[in-house]
Amino acid sequence: MNEIAFLPIAAEILLLGGAVLILMAAVTLNLGPRTWAIIAGTTLGLSFLVAWVQWWRIDDVGSQIHYTGDFLRTPMVVMDYFSVFGGGLVIAAGGIALLGGWRLVGSLEKRGAEYVALVLLAVAGLHIMVISANLILMFIGLETASIALYVVAGFTRDRPDSDEAAIKYFLLGSFASALFLYGIALTYAATGSTSIYGPTGIVAFFAERAITEPGVLLIGIALMIVGLGFKVSAAPFHQWAPDVYQGAPGAAVPLMASGVKIAGFAAMARVLTVAFDASISDWAQVISALAALSVVVGTLFAIAQSDFKRMLAYSGVAHAGFMLTALVAGQSGVPGLWFYLGTYAFQLIGTFIIASIISGAAGGASPLDSYRGLAKRSPVLAGALAVLMLAMGGIPLTAGFVGKVGVFAAAIDAGYLWLAIVGLVSAVAGLFFYLRLIVLAYFNDPDPALADEPITAPRSSRLALAVCVSFTFLFGVLPWPLLNLTSEALPL
Amino acid sequence: MVDFPVIALLVLLPAIGAVVVGLLPKSRNELVLPITTAISMLPLAVALYILWEFSAADGAAFQFSESVVWYEPWGIGWNVGIDGISLLLIVLTAVLFPLSILASASVTKDVKLYMVSMLLLETGLLGVFVALDLLLFFVFFEMTLVPMYLLIGIWGSGNRVYAAVKFFLYTAFGSALLLTGIVALAVMYGNDHGSLSFAFQDLLTLQISSTAQTWLFLGFGIAFAIKVPLFPFHTWLPDAHTEAPTAGSVILAGVLLKLGTYGFVRFNLTLFPEATVDFAPWLAGLAVVGIIYGAAVAIVQPDVKRLVAYSSVSHLGFIVLGTFALTSQGLQGGVIQMVNHGLTTGALFLLIGMIYERRHTRQIADYGGLANVMPLYAGVFLFMAFASIGLPGLNGFIGEFKILLGSYLAFPVMAILAASGVVLAAIYLLWAYERMFTGPVTNDANMGLKDLNAREITILVPIALLIVLLGIYPKPALERIEPAVENIIERIEDATGHETPEFGDMDDLPAATGGHSP
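Undergrad: What am I meant to see in the overall build of chain B here?
TA: When helices and strands are tallied, chain B shows 21 helices and two strands. For chain B, with 518 residues in total, the buried portion stands at 64%. Of the contacts formed within chain B by residues at least 6 apart in sequence, a portion of 81% connects residues at least 24 apart. Total accessible area on chain B is roughly 17,200 Å²; 65% of this is exposed by carbon and sulfur atoms.

Written as structure tokens, this is what we have:
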């Protein structure tokens, strides 16, 4: 047991190494964006490869829990299908998001290196959240990612709304992190452990005894739900999202929006469906209430928006509600959650890439009027937007539909028919604002001042967008491979 | 029967065609129409082959069945088949598409996208009629939504965006309930058998409690009622029909509305027999309201396209009435009337489109005395109007007669009220004809109008032939419909103890409308 297992944390090592390399390359060797791109690409590519290797390894030897050294024997990292799938997803989303927003790196000049390094750090932090078997480590991952993203949100310092976004994100985010940490502390008080697995872990604790006075534990669970609910922007903890999505540099939003949702939900699934599986009857009701509230609030507010990014932020609240809907089913909802999360992340990245093409990589506001007549100005971009909007609306033959079926089937199976009905009716109301983009792009003529102005998209953005759109369409028509994968990606 | 997956071919041909059309070079827009027309002939050929090979002797069994498991854990598969109910609707779809594509010669804006939408729409519609897997059905059901939305929204007239969004949201709302119902059914199957299944044949074996049947019937029923549209869910229809381009209106009225009535017949009646018997008087009542309301509103429309749109509300009411009479005659009439309405209303919309291309107005008041300048056009219009009214010898008569006969057995009062719809139909159509075609030419702008050209005649002749054929010799069609319909009635009788009234035991019936009350 003295040997250190490198495989489970290989991705973190690679990502941190990459971040440091980029900074050194920029500062000491004075190398330009091309070098950063090579380093970041290699790092992310290798980390993604690691996920495959890990998957094969689990195929051979089964899931494994890795402990700290011999002295304390605390479980820290778990390598199961769940963590590998989630980790791979985080890395893929981070890679595509970085690729789609690469134009921002060029426009930042020297500071671009910092941006790329921060993105890699954020991805590493998110990855830790997914693989951690210990609540404290999960918190460390959360903070690593969050702090990196606070900085990214304010990266375009010359725009006041970017500063506002960063400050808002930072203050509310730290508050949420603190609540999460407090929840961990109370859980420790109730169960005597911060580890999920292992002989002294929370799972083992619940297996051995029942808590007769669960007050402290319930408050702990509630605080952790609030903390993570903030990160995934579930109502009523969503108020930061519209301002941050709108204010942060356009090209950086895809990662902030999708990556954090993936890791946040992975952490939530691990905490709730594994650690607190025993008290599912307590938390499932809270989660179902949050889900219904998120779906309804997100949809209603999204209808009222006149800015594309704000609309996406509120629609993201509704989507968080759909994913919470899967979670009420406990572990049997995890495959549905994964499919939804995996496909929605790429829809979101693709959509924000389009927004950052229309409103500029460093730009903020993205008024809906600027999408008027998009089909005439750029048919390809309009087609991509249409596919992504239909997918978010859950229309069949897009991945969004399959995701919704999986989520609602899980909820109905768990006896939450009312939640499925609330969700589906809201989903229809949601179609209103997704369709509005298609109406603007296809049914309206462009603003005469803009009609002849070509829309330029760098190759990197186009490539990333193509990946997102084909992913959305492909897994809508042939979802079976991904469904098989997600049905295996269960936590230990 | 045949090992070759002929249904898969039928459904996929238009989709493949859509890809082909999509790949045509931008500079050769003039090729799009002829190529799309040619492509749309392929599914027609397959449909005719199916019609030819379909064996009336096989009774209610599904023919040409294909069953491939797609995803075991969800119990979803490519389960498709054709019986007497879907057979004619498939042929109708395959016939109407080439005609309405040919009628789209005046579309100049984004022709490629237009034709791609049309072909994808065809795939969706054909898919709905063959699907015997509920999730597959839903996918096709929804797949029709987006192309139709684009057709109305991009190539429509006047208030097109409003009409398109209204159409989409109305239907999508119904779909949400439908999807909930479908998933709930699959989960119920899973609770009984340990694994989910969306296959229609599996779900037919489910024992569903009366309460669950009621809710599921409502979930499915509202979705289909919106699609039909049944009064009071009809308000999207006049807008969508009026603003849609000609081909859009033809397909909308001809085929898309039938998804609702087909859904009722295929799923509501078979899966939820108890609830069907309970709800039948209510739905029949709504249908009668729709028949009279639609016809009454049609009379006062100043816009001829809107007039025909409202006439659809009335005609579809007949179909629903026949369906929920739950008698063999009524159901047969309902099924054959789906086809008839598709032909006659489709033809009327085509005719309106042709005159609109010439004059760019649909106001009845702008015309008058057209028979003087366009005698052929006027003749065809009158012919189609007669078919729509249900003149004996033309197709509409058979369907409406059977429906009234069948529903009189179950709901005598309603049948009598519904019969007034036939009279009203004569009023609105013939009065419109009188104002538009007879007398002297009242508007100088109409003086120089050209009569039907060769292309337009080519479009209308096949429909006219089918109308006459179904009108004077409907036996082959009814022979194929009857076993499937009888099967449904038997299923309802077995499951509920409900007795279908037959001819001869009229004395046993209460005089009022409560034919189904125990």
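Undergrad: Is there a simple way to think about the overall build of chain A in this case?
TA: Looking only at helices and strands, chain A has 21 helices and two strands in total. In terms of C-alpha radius of gyration, chain A reaches 21 Å, essentially the compact-globule figure of 23 Å for 492 residues. Viewed in the frame of its principal axes, chain A has a C-alpha envelope of about 70 × 60 × 40 Å. Within chain A, the fraction of its 492 residues that count as buried is 63%. Intrachain contacts of chain A at a sequence separation of at least 6 include 80% that bridge at least 24 residues.

Undergrad: Hey, could you run me through unusual backbone geometry in this one?
TA: Here A:Ala235 and A:Pro236 are connected by a cis peptide whose omega angle stands at 0°. Checked against the element boundaries, A:Pro236 lands in the loop between α9 (215-231) and α10 (240-247). Between B:Phe231 and B:Pro232 the backbone carries a cis peptide bond, its omega angle lying at 5°. Locating B:Pro232 in the fold gives a position in the loop between α9 (210-227) and α10 (236-243). Unusually for a residue other than glycine, A:Leu397 sits at a positive phi of about 75°. If you trace the backbone, A:Leu397 turns up in the loop between α16 (379-393) and α17 (399-413).

Undergrad: I would appreciate a short explanation of empty space enclosed by the protein in the present structure.
TA: Taking a probe equal in size to a water molecule and rolling it over the atoms shows the remaining empty space. A full pass over the atoms with the stated rule returns seven cavities of 30 Å³ or more. Taken as a whole, the largest cavity encloses approximately 130 Å³ of empty space. Along the wall of the largest cavity there are 15 residues; nearest its centre are A:Gly393, A:Gly394, A:Leu424, A:Ala427 and B:Glu142. Among the secondary structure elements, those contributing two or more residues to the lining of the largest cavity are α17 and α18 (417-443) of chain A together with α5 (134-143) and α7 (160-193) of chain B.

Undergrad: I would appreciate a short explanation of the packing of helix α11 (residues 253-275) of chain A against helix α13 (residues 308-327) of chain A in the present structure.
TA: How two helices pack is summed up by the angle between their axes together with the distance between the axes. Residues and elements named next belong to chain A. Taken N-terminus to C-terminus, the directions of α11 and α13 make an angle of 25°; their axes are 11 Å apart at the nearest point. Judged by the angle between their axes, α11 and α13 are roughly parallel. Pair α11 / α13 crosses with right-handed handedness. Of the residues in α13, those touching α11 at Lys261, Phe265, Met268, Ala269, Leu272 and Thr273 are Gly316, Ala320, Met323, Leu324 and Leu327.

Undergrad: Looking at this structure, how should I read the packing of aromatic side chains?
TA: Ring pairs (aromatic) are described by centroid distance and by the angle formed between their planes. Applying the stated rule across the entire model yields 50 aromatic pairs over all chains. Centroid distance A:Phe206 to A:Phe276: 6.2 Å. Interplanar angle 80°. Geometry classified as edge-to-face. With A:Phe206 in helix α8 (residues 202-208) and A:Phe276 in the loop between α11 and α12 (280-303), this residue pair connects regions lying 70 residues apart in the sequence. A:Phe276 shares its class with A:Phe206; the two are buried. Between B:Phe217 and B:Phe324 the ring centres are 6.3 Å apart and the planes differ by 75°, which places this aromatic pair in the edge-to-face class. Taken together, the residues span a long stretch of sequence, with B:Phe217 in helix α9 and B:Phe324 in helix α14 (residues 304-324) at a distance of 107 residues.

Undergrad: It is not clear to me how the interface of chain A and chain B should be interpreted in this structure. Could you clarify?
TA: Much of the literature gives interface size as the accessible area that the parts lose upon coming together. Contact residues are listed per partner, giving 28 residues for chain A and 30 residues for chain B. Counting each side, the surface lost to burial between chain A and chain B is near 2,800 Å², with a carbon and sulfur contribution of 86%. Between chain A and chain B we count zero salt bridges in total. Counting across the chain A and chain B interface gives three residue pairs in polar contact (both at pLDDT 80 or more). Of all the secondary structure elements, the ones that give two or more residues to the side of chain A that touches chain B are α17, α18 and α21 (480-488) of chain A. Ranked by the residues each element gives to the side of chain A that touches chain B, the list is headed by α18(A), at 12 residues. Considered class by class, the residues forming the side of chain A that touches chain B number 24 nonpolar, three polar and one charged.

Undergrad: How should I be thinking about α16(A) in this particular structure?
TA: Spacing of three or four residues puts side chains on the same side of an α-helix, whose turn is 3.6 residues. Residues and elements named next belong to chain A. Along its 15 residues, α16 runs 21 Å from first to last C-alpha, staying within 8% of the 21 Å computed at 1.5 Å per residue. The element α16 is largely enclosed, with a buried count of 11 among its 15 residues. Residues of α16 that are buried: Leu381, Ala382, Ala384, Leu385, Ala386, Leu388, Met389, Leu390, Ala391, Met392 and Gly393. Downstream of α16 by a residue or two, Gly394 has a phi angle that is positive, lying close to 80°.

Undergrad: Any chance you could explain helix α14 (residues 334-359) of chain A here in plain terms?
TA: Residue and element names in this part refer to chain A. Over its 26 residues, α14 runs 36 Å from end to end, which matches the ideal 38 Å to within 8%, given 1.5 Å per residue. In terms of burial, α14 is a largely internal element, 25 of the 26 residues being buried. One or two residues past the end of α14 sits Gly360, with phi positive at roughly 95°.

Undergrad: How should I be thinking about the pattern of salt bridges in this particular structure?
TA: Close approach of charged atoms allows side chains of opposite charge to pair. All names here are of chain A. Applying the stated criterion to the full structure yields 15 salt bridges over all chains. Its salt-bridge partner being Arg310, residue Asp243 comes within 3.0 Å of it at the nearest N-O pair. With Asp243 in helix α10 and Arg310 in helix α13, this residue pair connects regions lying 67 residues apart in the sequence. Summarising the burial analysis for this pair, Asp243 and Arg310 share the class buried. Between Lys376 and Asp445 there is a salt bridge; the shortest N-O distance is 2.9 Å. Note that Lys376 is positioned in helix α15 (residues 374-377) and Asp445 in the loop between α18 and α19 (448-451), a separation of 69 residues in sequence. Accessibility expressed as a relative area gives 55% for Asp445, which makes it exposed.

Undergrad: I keep staring at a nonpolar patch on the surface and nothing clicks. Help me out?
TA: Residue and element names in this part refer to chain A. On the surface, a nonpolar cluster with roughly 580 Å² of combined accessible area is contributed by Leu46, Phe48, Leu49, Trp52, Val53 and Trp56. As for its position among the elements, Leu46 is in helix α2 (residues 33-61). Given the relative accessible area of 38%, Leu46 is considered partly exposed.

Undergrad: What's the story with the pairing of strand β2 (residues 75-79) of chain A in this structure? I'm lost.
TA: On a regular strand, one side chain projects to one face of the sheet and the next to the other, so that they alternate. Residues and elements named next belong to chain A. For β2, a buried count of four out of five residues is recorded, marking the element as mostly surrounded by other parts of the structure. As paired strands, strand β1 (residues 64-67) and β2 are joined by four bridges and run antiparallel to one another. The residue of β2 that forms the bridge with Tyr67 is Pro75.

Undergrad: In this structure, what is going on with the packing of helix α6 (residues 135-153) of chain A against α11(A)? I would like to understand it.
TA: Residues and elements named next belong to chain A. Contact geometry for α6 and α11: axes closest at 12 Å, N-to-C directions at 165°. Between α6 and α11, the interaxial angle falls into the category roughly antiparallel. In this structure, the crossing between α6 and α11 has a hand that is left-handed. Two secondary-structure elements touch here, α6 through Leu135, Met138, Leu149 and Ala153 and α11 through Leu255, Met256, Val260, Ala267, Arg270 and Val271.

Parameters and conventions
- Residues numbered from 1 in each chain as written.
- Chains lettered and ligands numbered in written order.
- Predicted model: local features only at pLDDT ≥ 70, side-chain atom pairs only at ≥ 80, totals over all residues.
- Heavy atoms only, no water.
- Helix = DSSP H or I, 4+ residues; strand = E, 2+ residues; numbered from the N terminus.
- Buried < 20%, exposed > 50% of the residue type's maximum accessible area, 1.4 Å probe, protein only.
- Contact = heavy atoms within 4.5 Å.
- Areas by Shrake-Rupley, 256 points an atom, 1.4 Å probe, with all protein chains shown as cover.
- Rg over C-alpha atoms; globule rule 2.2 N^0.38 Å.
- 1 Å grid on protein atoms, 1.4 Å probe; cavity = no way out; pocket = protein on both sides within 12 Å on 5 of 7 lines; lining within 4 Å.
- Points joined across faces, edges and corners; volume = space filled by probe spheres on them.
- Axes fitted to C-alpha atoms, helices over the stretch in contact; angles between N-to-C directions.
- Parallel < 35°, antiparallel > 145°, perpendicular 65-115°, else oblique.
- Left-handed = near helix turned anticlockwise from the far one by under 90°.
- Phe/Tyr/Trp six-rings, centres within 6.5 Å; stacked < 30°, edge-to-face > 60°.
- Buried area = accessible area lost by both parts, 1.4 Å probe.
- Salt bridge = Lys/Arg side-chain N within 4 Å of Asp/Glu carboxyl O.
- Polar contact = N/O pair within 3.5 Å; in protein donor to acceptor, adjacent residues only side chain to side chain.
- Nonpolar A, V, L, I, M, F, W, Y, C, P; charged D, E, K, R; others polar.
- Expected span 1.5 Å × (residues − 1).
- Patch = residues over 30% accessible without salt bridge, like charges linked within 9 Å, V, L, I, M, F, W, Y side chains within 5 Å.
- Pairing = 2+ DSSP bridges.

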